[in-house]
Amino acid sequence: MICLGIESSCDETSVSVVKDGREVLSNVISTQIEIHKKFGGVVPEIASRKHLVNIAYVVDEALEKAGVTLSDIDFIGVTYGPGLVGALLVGVAYAKSLAYALNKKIVPTHHIEGHIAANYLTYPDLKPPFLALVVSGGHSHLVYVKDYTEFEIMGKTRDDAVGEAFDKVARVLGLPYPGGPEVSKLAQKGTFSYKLPKTKFDNFDFSFSGIKTAVINIAHKEGEKLRKADMACSFENTVCEELVHTTFEVVTKLQVDKIVLAGGVSANRLLREMITTEAQKRNVKAYMPDLKYCTDNAAMIASASYYNFLAGKAYDIQDKLDLNAKANLKLGD
Ligand code: KG4
Ligand code: ZN
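Per-chain numbering applies: the sequence of each chain, read as written, is numbered from 1 onward. All chains are assigned letters beginning at A, and all ligands numbers beginning at 1, according to the order in which they are written. Thresholds applied to this predicted model are a pLDDT of at least 70 for local features of residues and 80 or more for the giving and counting of side-chain atom pairs; totals over whole chains, interfaces and linings are not thresholded and use all residues. Values reported for side chains reflect all heavy atoms of the structure, with hydrogen atoms and water molecules removed beforehand.

## Details of the sheet that holds strand β8 (residues 150-156)
Read from one edge of the open sheet, five strands run β8-β7-β6-β9-β10, paired in mixed fashion. The sheet is open, and its two borders are formed by β8 and β10 (285-287), each paired with just one other strand. Neighbour to neighbour, the strand axes of the sheet diverge by 25° on average, direction disregarded. One bridge is not enough; two strands pair if DSSP finds at least two bridges between them. Counting from the N terminus, the helices are DSSP H or I runs at least four residues long and the strands are E runs at least two residues long. By the bridge criterion, six bridges tie strand β7 (residues 140-147) to β8 in an arrangement that is antiparallel. Bridge pairing in β8 links Leu142 to Gly155. Contacting β6 (130-135), β7, β8 and β9 (258-262), helix α8 (residues 228-254) crosses the sheet at an angle of about 160° to β6. Note on definitions: angles span 0 to 180 degrees between N-to-C directions of axes, and those axes are lines fitted to C-alpha atoms, for helices only across the stretch in contact. Residues are treated as being in contact if the distance between any of their heavy atoms lies within 4.5 Å.

Structure follows, in structure tokens:
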């Protein structure tokens, strides 16, 4: 089965052709990072307009790179939430139009299911059940993946997402958007010498706004004297310690033997190292997506869409003409 996947939930217009949910024939990403950089973050209205300009070209390029035509496509998978509503709408409207014109089935897919599926592209033999730590610009979730399309949220952030906290701290340190990779790069030149607060709940939730606010307060207090590399290193370590600690509490509770990283922040070097080390200690197998599948891309959406297709979640477009973008879509809805 060949899926044409479409992703436009934030600032990447991406289209991919994936066979049987695992074999990537093409994965084209048109990123808007340079445009949003000058504003210090994603400007939603600009993002939607750029998706609109780019999408038809990205579809053509993805088909060409895969060496297929539209008639070879069996179904269309599209991210319909969560994300920026205007940005999502462009991908959803394009997917619906294509499905209508070609008389193909459409599979609406959750963005986070896509991030988790990025691991199926990296590890051909990976199968659920496993625990997934999903960390991106908009999400920080611990998800028990019972089966390909069966999820239980074990814990989540009560305030900022991890990537969001990285991006805000980057701004305070004078680093460009997207801040995560920049903070991480600077952290390598520093030491873990600032003490930052951690919040502990009696369940498996996270909180990152306290850590972020502490960074902002210290930065204001110390001004020019702020040791930026040390702060980047202290922030990154504090956040990763919190993520890893809670993740392995859930591993113990569920008695799973596989832990999977997902989302943009899963590209973080320290997080990958700490998860690997802790997993080895406990005889748990750790999986993390190939770096090219960590941040937003359509290959992961096509992979997740394939498993939704197998689970009977593919629709005749005539029955799904009311499919809409859902900015706050919950996993499992
Ligand atoms: O998954 P993603 O591309 O978009 C969302 O669905 O949100 O994640 C983007 C986020 C941004 O906040 C970015 O700063 C963060 O992932 N990120 C990182 C790293 N690479 C990307 N954060 C920490 N370390 C990194 N190496
Ligand atoms: Zn994402």
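## Structural notes on the pattern of salt bridges
The rule for a salt bridge is simple: a side-chain nitrogen of Lys or Arg has to be within 4 Å of a carboxyl oxygen of Asp or Glu. Following the criterion strictly, the structure yields 18 salt bridges and no others. Across the pair Glu61 and Lys65 runs a salt bridge, and its minimum N-O distance is 2.9 Å. Placement of both Glu61 and Lys65 in helix α2 (residues 44-66) is noted, with a separation of four residues, approximately one turn of the helix. Between Asp160 and Lys212 there is a salt bridge whose closest N-O contact spans 2.8 Å. In this pair, Asp160 is assigned in the loop between β8 and α5 (162-172) and Lys212 in helix α7 (residues 209-222), connecting sequence segments 52 residues apart. As far as the burial class goes, Asp160 and Lys212 line up, both buried. In the salt-bridge network here, residues are joined through shared partners; they are Asp160, Glu164, Lys168 and Lys212. Three labels apply to residues, based on accessible area from a 1.4 Å probe with only protein chains included: buried if under 20% of the type maximum, exposed if over 50%, partly exposed otherwise in between.

## Details of unusual backbone geometry
Residue Pro128 is joined to Pro129 through a cis peptide bond whose omega torsion reads 5°. Relative to the helices and strands, Pro129 resides in the loop between α4 (111-122) and β6. Between Tyr177 and the following residue, Pro178, the backbone shows a cis peptide bond with an omega angle of -10°. Position of Pro178 among the secondary structure elements: in the loop between α5 and α6 (179-187). With a phi angle near 55°, Asn103 is a residue other than glycine that sits in the positive phi range. Looking at the secondary structure, you find Asn103 in the loop between α3 (85-102) and β5 (105-110). Of note, Asn283 is a non-glycine position whose phi angle comes to about 60°, a positive value. Within the secondary structure layout, Asn283 lies in the loop between α9 (269-281) and β10. Accessibility expressed as a relative area gives 72% for Asn283, which makes it exposed.

## Side note on the site of ligand 1
In the vicinity of ligand 1, 18 residues are found, and the nearest of them are His115, Gly137, Asp167, Gly180 and Gly264. Between ligand 1 and Asp167 there is a distance of 2.7 Å, counted from an oxygen atom to a side-chain nitrogen or oxygen. The contact in question runs from an oxygen atom of ligand 1 to an N or O atom on the backbone of Gly264, over 3.0 Å. For every accessible area listed, the method is Shrake-Rupley and the probe measures 1.4 Å; residues are considered covered only by the protein chains on display. Within the complex, the protein chains bury 89% of what would otherwise be the 550 Å² of accessible surface of ligand 1. For the shell around ligand 1, the elements supplying multiple residues, two or more each, are α4, α5 and α6. Residues were grouped as follows: Ala, Val, Leu, Ile, Met, Phe, Trp, Tyr, Cys and Pro as nonpolar; Asp, Glu, Lys and Arg as charged; and all remaining residues, including Gly, as polar. Its residues assigned to classes, the shell around ligand 1 shows five nonpolar, eleven polar and two charged. Each residue is tested against the molecule or strand, and it is near if at least one of its non-hydrogen atoms lies within 4 Å. Any pair of N or O atoms that falls within 3.5 Å is considered a polar contact. Within protein, one atom must be able to donate a hydrogen and the other to accept it, and sequence-neighbouring residues count only if both atoms are side-chain atoms.

## Things to note about the environment of Pro178
Classification of Pro178 as partly exposed rests on a relative accessible area of 24%. Sequence spacing of Pro178 and Ser14 is 164 residues, and the spatial spacing of their C-alpha atoms is 18 Å.

## Describing the nonpolar core
Among the buried residues, those of types Ala, Val, Leu, Ile, Met, Phe, Trp, Tyr and Cys that are joined through side-chain atoms within 4.5 Å form a nonpolar core. Grouped together as the largest cluster of nonpolar side chains are 48 residues, with contacts concentrated most on Leu133, Phe235, Leu243, Leu271 and Ile275. Residue assignment for this core shows that the elements contributing at least two residues are β6, β7, α5, α6, α7, α8, β9 and α9. Each residue touching Leu243, except ones within four places of it in the same chain, is listed here: Leu133, Val135, Val162, Phe206, Phe208 and Leu271. If you look at the next biggest cluster of nonpolar residues, it comprises 30 residues, including Val107, Ala117, Leu126 and Ala302.

## Overview of the packing of aromatic side chains
The aromatic pairing rule takes the rings of Phe, Tyr and Trp, using the six-membered ring of Trp, and pairs them if the centres are within 6.5 Å, calling planes under 30 degrees apart stacked, those over 60 edge-to-face and the rest tilted. Tallied over the full model, the rule gives nine aromatic pairs. When the ring of Tyr148 is compared with that of Tyr307, the centres are 3.9 Å apart and the planes differ by 5°; the resulting orientation is stacked. Here the residue Tyr148 occupies a position in the loop between β7 and β8, and Tyr307 occupies one in helix α10 (residues 298-310), the gap between them amounting to 159 residues. For Tyr307, a relative accessible area of 9% gives the class buried. Pairwise contacts between aromatic rings join Tyr120, Phe130, Tyr148, Tyr306 and Tyr307 into one cluster. A cation over an aromatic ring shows up here: Arg227 above the ring of Tyr194, its NZ or CZ 4.3 Å from the ring centre. Here, a charge over a ring means that NZ of Lys or CZ of Arg falls within 6 Å of the ring centre while also lying within 35 degrees of the ring normal.

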